Amino acid sequence: MLHIEDLWVDVQGKEVLKGINMDIGIGETHCLFGKNGSGKTTLLMTIMGFDGYEVKHGKIIFKGEDITYMPLNERAKLGLGLSFQRPPTLRGVKLRDMLNLCSQTPGAGVELAIQYGFEMFLDREVNHGFSGGEIKKSELLQLMAQNPDLTLLDEPESGVDIENLNVIGDMIRKLLEKDKHRNRTKSGLIITHTGFILNYVTADKGHVMLNGKLCCQGNPIDIFEGIQKHGYEECVKCQF
Amino acid sequence: MPVLDKSPSTTDEELLKRFKAAPEEKAPEDVSELDNEEIKRLRQTGIDLDAADRLGTFIQTNCNVSSCQCDIKGVEMLPVTEALKKYDGLKDYWWKILDPDKDVFTKEADRNLDNGYFIRARAGEKVVYPLQTCLYIRNNNVAQKVHNIVVAEEGSELHIITGCTTHPHLTSGLHIGVSEFYVKKGAKLVFTMVHNWAEDVYVRPRTAIVVEEGGTFLSNYVSLKGVKSVQSFPTCTLKGRNAIARFNSVIVAPEGSDIDTGSRIILEAPETRAEIISRTISYGGRVVARGHLIGKAKDIKAHLECQGLMLTEKGIIHAIPELEAHVADVDMSHEAAVGRIAKEEIEYLMARGLEEEEATSTIVRGFLNVKIDGLPKELDEELQKAVEECRHGM
C-alpha cells in the first residue's frame with residue numbers, strides 16, 4: 001500500500017525528517033509513537049502532500065505510484081485520507097455541504113452522520129464551536145464519506161472524553177475494515193500519544209520516532225508498554 | 001457623523017450638477033410597461049412581480065410610482081407624496097430623526113423630492129410574508145430622489161425587501177434615498193436591502209431608525225455588483241428598554257467600485273442589545289466597512305464583527321470598528337479580520353479531493369453565505385455568479 005524510502009524533509013528550512021523508511025501493507029494498521037516535535041505530524045503531512053513540507057530526498061510510493069511530488073488533491077483522489085488534529089473552521093460552509101463534497105457516493109456522508117447521531121451538526125458551520133470530540137467525529141465522518149484506502153490519523157483520541165472514545169474507536173474500525181478478517185483492503189497509520197486508541201483499534205505494527213528518525217519497530221502494545229515504563233529514549237535503546 | 005470620504009475627484013455639489021432631474025425623462029406609469037429584460041433585472045435585485053408570497057409591491061421608476069398595491073388590511077402602503085397630503089405632512093415622522101440640512105444630498109431630497117414610499121403596519125398586525133419596494137432608475141444620467149417612511153406600530157411585525165437597481169443597459173445615475181424608520185413598542189421590522197447598480201452610479205442613502213421598548217430592527221444589506229460609489233451610514237437609536245438592533249451586510253467590491261458603508265447603533269436605554277456583522281470581499285474595489293456602537297445605558301450588550309476578504313493584490317478593505325462606552329456597566333466587544341483566504345482552509349478542502357479552484361469557491365461561497373428568508377432564487381443565482389466572478393477576478 002505505502003512504501004517510503006529514505007525520506008528527508010525540511011520544514012521552513014529546518015531538517016525535520018532524516019531518512020524515514022516505512023512499509024505499510026494492504027489491510028495493515030500501523031501506529032506511530034514519539035515525543036512532541038519528533039516529526040510524526042510532519043511525516044503525515046508529507047505523505048498527504050501539504051505545502052511547506054519540502055522533500056529533499058527519497059520517495060513515497062502509494063499503490064505503486066510515485067506520489068512524492070503529486071498535488072494534494074490528486075493524492076486524495078488516489079485514495080489517501082487524513083484526519084486533522086486541529087482542522088480550520090470553515091465559516092459559512094455547513095457540515096452537510098462538506099460531507100457532500102467528500103462523498104464518493106452521493107448522500108453517503110449525510111447518511112453516516114445520521115447513523116452516528118451527528119444529525120444536529122449537519123447544518124452547523126464546519127468545526128465552528130465544535131468540542132474536541134465533535135471535531136474528531138466530524139473528521140472521521142468526512143473520511144468515511146471519502147472512503148480512502150490509506151487513512152492517516154493524527155491523534156484521533158486527543159480531546160475526546162471516555163464516553164466518546166468508544167464511538168471514535170468504532171468509526172476508525174469501520175474505516176480500517178477491522179470487521180473483516182480476510183481480504184481487508186484498507187490500511188491505516190495512526191499517531192497516538194496516549195495509546196488509548198489501542199484499546200479500541202488493533203494495530204499490526206508500531207514505530208517510534210525520535211528526532212526525525214524511526215528508531216524502533218515492532219509489536220505496538222510491547223512498544224507502548226516499553227515507552228510507558230522507560231520513556232522514549234530508553235525504549236529506543238532497549239530495542240536496538 | 002464621521003467625515004465620509006468623497007468619491008475621488010468629485011465634490012458633492014459637482015455630483016448633483018452632473019445628473020438631470022428625474023421628471024425630465026418619461027417613465028412608465030404602470031409596471032406592465034416594463035419589458036422582460038427589466039423584470040429579470042428586478043428579480044436579480046430581489047423583487048419578484050409574480051411571487052405569491054409578497055404581500056405588497058411598491059415600484060418607483062425614476063420619479064413615477066408605477067406600482068403601489070398592498071393586499072393586507074392592517075398595512076398601509078402609499079406613495080409618500082400622497083401620505084404627506086393625507087396625514088397633514090406626516091408631522092410625527094417627516095424629517096424627525098434626520099436633519100434635512102445634514103448635507104447636500106438631504107437638502108436636495110428635501111427641496112426636489114421625486115417620491116418614495118410610506119408603509120405603516122397597524123398595531124398588532126403581524127405580516128408573515130414580505131412586502132417589496134423597488135427604487136428603479138430607468139434612464140441614463142438621472143438623479144432619483146426619494147424619501148421613505150416606515151412605521152411599525154405597537155406589537156406589529158413587518159418584513160420589507162427593497163431592491164435598488166438600474167435599467168440593464170444603463171451605466172450612469174445618482175440615487176439619493178432618505179429613509180426614516182419608526183419601530184414602536186414591541187414591534188419588529190426586518191428590512192432587507194439589495195443593491196444592484198451599474199458601473200457609473202452614485203448612491204447616497206441617508207437612513208435613521210428609532211426603536212422603542214421591546215422593539216426589534218433587523219437589517220440585511222446585500223451588494224454584489226459593481227457600482228461607482230456608495231456612501232451610507234444608517235444610524236439606529238435604541239430608545240426603549242430591551243430594544244434590539246442587528247445589521248448584517250454582505251458586500252462584494254469589484255474593480256472600480258468604491259463602497260463606504262456601515263452602521264451606527266446608539267444604545268440609549270438599559271438592557272438593549274445590538275449587533276453589527278459585515279462580510280466584505282474586494283477583488284479590486286475599495287470598501288470602507290464601518291461600525292460604531294455607542295453604549296449610553298447600563299446592562300447593554302453590543303457586538304461588532306467585521307470580516308474582510310482580499311482576493312487580489314489590488315483593492316482596499318478598510319475596516320473601522322468603533323466601540324464607545326459612556327457608562328461602566330456595559331458589555332461591548334468587536335472582532336475584525338481582513339486578509340486573503342487562509343491557505344490552510346484551501347488545503348483542508350483539497351485533502352478531501354477538491355481541486356484548488358473548487359476549494360476557493362467553496363470558501364468564498366461560505367463567506368458570502370447569507371440566509372435571508374423570502375428572497376427569490378434569482379438572487380441566490382446572483383450570489384453564485386458573484387462567487388464565480390470573485391474567483392475569476394483572483
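Computed from a prediction, not measured in an experiment: that's the story for all the values here.

K.L.:
I'm lost on the overall build of chain A in this one. Help?
P.N.:
A tally of regular secondary structure across chain A gives 7 helices and 12 strands. Here chain A has a C-alpha radius of gyration of 17 Å; the compact-globule value for 240 residues is 18 Å, and the two agree. Each of the three principal axes of chain A carries a C-alpha extent, and together these read 50 × 40 × 35 Å. A separation of at least 24 residues holds for 69% of the contacts in chain A among residues at least 6 apart in sequence.

K.L.:
How do you make sense of the overall build of chain B when you look at a structure like this?
P.N.:
Summing up its helical and strand segments, chain B has 7 helices and 21 strands in all. Taken over 394 residues, chain B has a buried fraction of 57%. For chain B, restricting intrachain contacts to residue pairs at least 6 apart in sequence, the fraction spanning at least 24 positions comes to 83%.

K.L.:
What's the story with the interface of chain B and chain A in this structure? I'm lost.
P.N.:
As a measure of interface size, the accessible area lost when the parts come together is often cited. Contact residues are listed per partner, giving 17 residues for chain B and 19 residues for chain A. Of all the elements in the fold, those that place two or more residues in the side of chain B that touches chain A are α5 (343-350) and α6 (356-367) of chain B. Ranked by residue count, the leading element in the side of chain B that touches chain A is α5(B), at 6 residues. Looking at the side of chain B that touches chain A, its residues break down into 7 nonpolar, 4 polar and 6 charged.

K.L.:
Help me understand the nonpolar core in this model?
P.N.:
Generally speaking, nonpolar side chains in soluble globular proteins are found buried as a group. Among the nonpolar cores identified, the biggest contains 183 residues, and B:Val183, B:Leu189, B:Leu238 and B:Ile265 are the most heavily contacted of them. Sequence-distant contacts of B:Val183, that is, excluding residues within four places in its chain, are made with B:Ala152, B:Leu189, B:Ile209, B:Val210, B:Val211, B:Glu212, B:Gly215 and B:Phe217.

K.L.:
Can you help me understand the pairing of strand β6 (residues 131-137) of chain B in this one?
P.N.:
Consecutive side chains of a regular strand alternate in pointing toward one face of the sheet and then the other. Residues and elements named next belong to chain B. Taking burial as the measure, the 7 residues of β6 include 7 buried ones, the bulk of the element. Going residue by residue along β6, you find Leu-131, Thr-133, Leu-135 and Ile-137 tucked away on one face and Gln-132, Cys-134 and Tyr-136 tucked away on the opposite face as well. Relative to β6, strand β2 (residues 56-61) runs parallel, the two sharing 6 bridges. The partner of Gln-60 across the bridge, within β6, is Leu-135. Pairing geometry for β6 and strand β8 (residues 157-166), over 7 bridges, is parallel. The residue of β8 that forms the bridge with Leu-135 is Cys-164.

K.L.:
Looking at this structure, I do not really get unusual backbone geometry. What am I missing?
P.N.:
Of all residues except glycine, most have a negative phi; of all peptide bonds, most are trans. Residue and element names in this part refer to chain A. One non-glycine residue, Lys-63, lies in the positive phi region at around 50°. Relative to the assigned elements, Lys-63 resides in the loop between β4 (53-62) and β5 (65-66). In this model, Glu-155 sits at a positive phi of 45°, which is unusual for a non-glycine residue. The topology assignment puts Glu-155 in the loop between β9 (150-154) and α6 (162-175). Since 20 C-beta atoms lie within 10 Å of it, Glu-155 is described here as buried.

K.L.:
What am I meant to see in helix α3 (residues 95-102) of chain A here?
P.N.:
One turn of the α-helix equals 3.6 residues, which is why residues spaced by three or four share an orientation. Those residues of α3(A) not exposed but buried are A:Leu95, A:Asp97, A:Met98, A:Leu99 and A:Cys102. Those residues of α3(A) that are buried are in contact with β7 (90-94), α4 (108-115), β8 (125-126) and α5 (132-146) of chain A.

K.L.:
Looking at this structure, how should I read the pairing of strand β1 (residues 2-11) of chain A?
P.N.:
Residue and element names in this part refer to chain A. Judged from the 8 bridges that link them, β1 and β4 form a sheet pairing that is antiparallel. The partner of Glu-5 across the bridge, within β4, is Lys-59. Sheet topology places β1 next to strand β2 (residues 14-24); 8 bridges connect them, and they run antiparallel. Counted as the bridge partner of Trp-8 is Lys-18 from β2. The antiparallel hairpin formed by β1 and β2 contains 2 residues in its connecting segment, where Gln-12 sits at a positive phi of about 50°.

K.L.:
So what exactly am I meant to see when it comes to the environment of A:Leu153 here?
P.N.:
All names here are of chain A. Relative to the helices and strands, Leu-153 resides in strand β9. You can call Leu-153 buried: it has 30 C-beta atoms within 10 Å. Separated by 21 residues in the primary sequence, Leu-153 and Gly-132 place their C-alpha atoms 15 Å from one another. For Leu-153, the residues in contact, after removing those within four places along its chain, are Ser-83, Ile-172, Gly-188, Ile-190 and Ile-191.

K.L.:
Is there a simple way to explain the sheet that holds β2(B) in this structure?
P.N.:
The strands making up a sheet associate through backbone hydrogen bonding, with each pair oriented either parallel or antiparallel. Residue and element names in this part refer to chain B. With respect to topology, 10 strands assemble into an open sheet ordered β3-β2-β6-β8-β10-β12-β15-β17-β19-β21, the strand pairing being mixed. Edge strands, defined here as strands with exactly one partner in the open sheet, are β3 (64-70) and β21 (330-339). With direction set aside, neighbouring strand axes in the sheet form an average angle of 5°. Examined bridge by bridge, β8 and strand β10 (residues 188-196) share 9 bridges and lie parallel to one another. Bridge pairing links Ile-161 to Thr-192 in β10.

K.L.:
What exactly am I supposed to notice about the packing of α5(B) against α6(B) here?
P.N.:
Any two packed helices are characterised by the angle at which their axes cross and by the distance between the axes. All names here are of chain B. Orientation of α5 relative to α6, taken along the N-to-C sense of each, is 120°, at an axis distance of 9 Å. One finds that α5 runs oblique with respect to α6. For the pair α5 and α6, the crossing hand works out as right-handed. Contact residues: Glu-345, Ile-346, Leu-349 and Met-350 in α5; Glu-356, Ala-359, Thr-360, Thr-362 and Ile-363 in α6. In terms of residue class, the contact of α5 with α6 is made up of 5 nonpolar, 2 polar and 2 charged.

K.L.:
Which parts of the structure should I look at to understand the environment of B:Ala187?
P.N.:
Residue and element names in this part refer to chain B. Mapped onto the elements of the fold, Ala-187 is located in the loop between β9 (172-183) and β10. Put simply, Ala-187 and Ala-152 are 35 residues apart on the chain and 6.1 Å apart in space, counted from C-alpha to C-alpha. The residues touching Ala-187, leaving out its near neighbours within four places in the chain, are Ala-152, Glu-153, Glu-154, Gly-155, Ser-156, Glu-157 and Gly-215.

Parameters and conventions
- Residues numbered from 1 in each chain as written.
- Chains lettered and ligands numbered in written order.
- Predicted model: local features only at pLDDT ≥ 70, side-chain atom pairs only at ≥ 80, totals over all residues.
- Helix = DSSP H or I, 4+ residues; strand = E, 2+ residues; numbered from the N terminus.
- Rg over C-alpha atoms; globule rule 2.2 N^0.38 Å.
- Contact = placed C-beta atoms within 7 Å.
- Buried ≥ 20, exposed ≤ 12 C-beta atoms within 10 Å, placed from the backbone.
- Nonpolar A, V, L, I, M, F, W, Y, C, P; charged D, E, K, R; others polar.
- Core = buried A, V, L, I, M, F, W, Y, C linked by C-beta atoms within 7 Å.
- Pairing = 2+ DSSP bridges.
- Axes fitted to C-alpha atoms, helices over the stretch in contact; angles between N-to-C directions.
- Parallel < 35°, antiparallel > 145°, perpendicular 65-115°, else oblique.
- Left-handed = near helix turned anticlockwise from the far one by under 90°.

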